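Examination of the molecular architecture
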Amino acid sequence: MKRFVEWDQLEVRINGEKLNAFAQQFRVDPIERLELRFENGLMRVMGSIRKFISVPFEVQIREILAGPRKVRVPLHGASAFGGIPIPKFLFTIVSSQLQAQFVGYEEPATLIFTLDRFLPNFVDAEIQRVWIIDGGLAVTLGRGGADLPVTEEPHGTAKREPDRPQRA
């Protein structure tokens, strides 16, 4: 399908601080604190879980596997209290609490994100590769495109969004 803007390949960066703020909406009970840290080739997910006491944890993400419409995030090196390994079966307990409309879970200990949930309906893109870099993520998008967003007028007629102001 032809789009207003099309590309064959696009390189983008995702700011780690903004992604960390966005990830807060995925925090579910019993997780009381969640923080993402990005180092070259390694993302650390740190936080704490409250059951009877607050238990600090860390999960390492060494790779993010890109597919055209889905991203798989294998979870590794899960530990509590700074080094005690967390059994993988505990991930299945937390996975039942995940917001299914945003993130899925599959064994072995892998989070699944569907691109369609994060892009507006007037944008079409495929993910080719995701790198963990200092301060965030670098993403290569494959062939894709975008149309102008459409809004509804009160009488059901479509209208184009107003032009955005030019950047200096």
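Refer to the structure presented above.
Quick notes on the rules
Residues numbered from 1 in each chain as written. Predicted model: local features only at pLDDT ≥ 70, side-chain atom pairs only at ≥ 80, totals over all residues. Heavy atoms only, no water. Buried < 20%, exposed > 50% of the residue type's maximum accessible area, 1.4 Å probe, protein only. Helix = DSSP H or I, 4+ residues; strand = E, 2+ residues; numbered from the N terminus. Arc of directions from axis to C-beta. Polar contact = N/O pair within 3.5 Å; in protein donor to acceptor, adjacent residues only side chain to side chain. Pairing = 2+ DSSP bridges. Contact = heavy atoms within 4.5 Å. Axes fitted to C-alpha atoms, helices over the stretch in contact; angles between N-to-C directions. Core = buried A, V, L, I, M, F, W, Y, C linked by side-chain atoms within 4.5 Å.

Considering helix α1 (residues 16–23)
Note: α-helices contain 3.6 residues per turn, so residues at a spacing of three or four share the same orientation. Listed in full, the buried residues belonging to α1 are G16, N20 and A23. Projected onto a plane normal to the axis of α1, the buried residues spread over an arc of 65 degrees and lie on a single side. In α1, the exposed residues that point more than 90 degrees away from the buried face are E17, K18 and A21. For α1, the N-terminal capping position is held by N15, with its side-chain oxygen 2.8 Å away from the main-chain nitrogen of E17.

Comments concerning the sheet that holds strand β1 (residues 5–7)
As summarised here, the arrangement of the three strands in space is β1-β15-β12, forming an open sheet in which the pairing is antiparallel. The sheet is open, and its two edges are formed by β1 and β12 (123–124), each paired on a single side. Inspection of the sheet shows β12 paired to strand β15 (residues 144–146) by two bridges, in the antiparallel sense. Bridging across to β15, D124 finds its partner in G145.

Overview of the environment of N20
Mapped onto the elements of the fold, N20 is located in helix α1. Assessed through its relative accessible area of 18%, N20 is described here as buried. Placed 18 residues apart in sequence, N20 and F38 show a C-alpha to C-alpha distance of 9.8 Å. Every residue in contact with N20, bar those within four places of it in the chain, is listed here: L34, E35 and L36.

A short note on the sheet that holds strand β2 (residues 10–15)
The three strands are arranged β2-β14-β13 in an open sheet whose pairing can be described as antiparallel. The open sheet has two edge strands with one neighbour each: β2 and β13 (127–133). Each adjacent strand pair in this sheet contributes to an overall mean axis angle of 20 degrees, direction not counted. Those strands touched by α1 are β2 and β14 (136–141), and its axis lies near 65 degrees from that of β2.

A few points about the nonpolar core
Grouped together as the largest cluster of nonpolar side chains are 29 residues, with contacts concentrated most on M43, I61, I64 and L137. Those elements that place two or more of their residues in this core are β3 (31–39), β4 (42–50), β5 (54–61), β7 (70–74), β13 and β14. No other element matches β3, which puts four residues into this core. Leave out the neighbours within four places in its chain, and I64 touches M43, V71, R72, V73, V130, I132 and L137.

Digging into the side chain of T110
Summarising the element assignment, T110 is placed in strand β11 (residues 110–114). Look at T110 and you get buried, because its relative accessible area is 8%. In terms of polar contacts, T110 uses its side chain to reach the backbone carbonyl oxygen of P108, at 2.8 Å. Those residues within four positions of T110 in sequence are excluded, and the remaining contacts are R72, V73, P74, G104 and Y105.

With respect to unusual backbone geometry
Negative phi characterises most residues that are not glycine, and trans characterises most peptide bonds. The amide bond that connects E107 to the next residue, P108, takes the cis arrangement and shows omega of -5 degrees. Tracing the sequence through the fold places P108 in the loop between β10 (103–106) and β11. Positioned with a positive phi, A109 is a non-glycine residue whose angle comes to about 40 degrees. Mapped onto the fold, A109 is located in the loop between β10 and β11.

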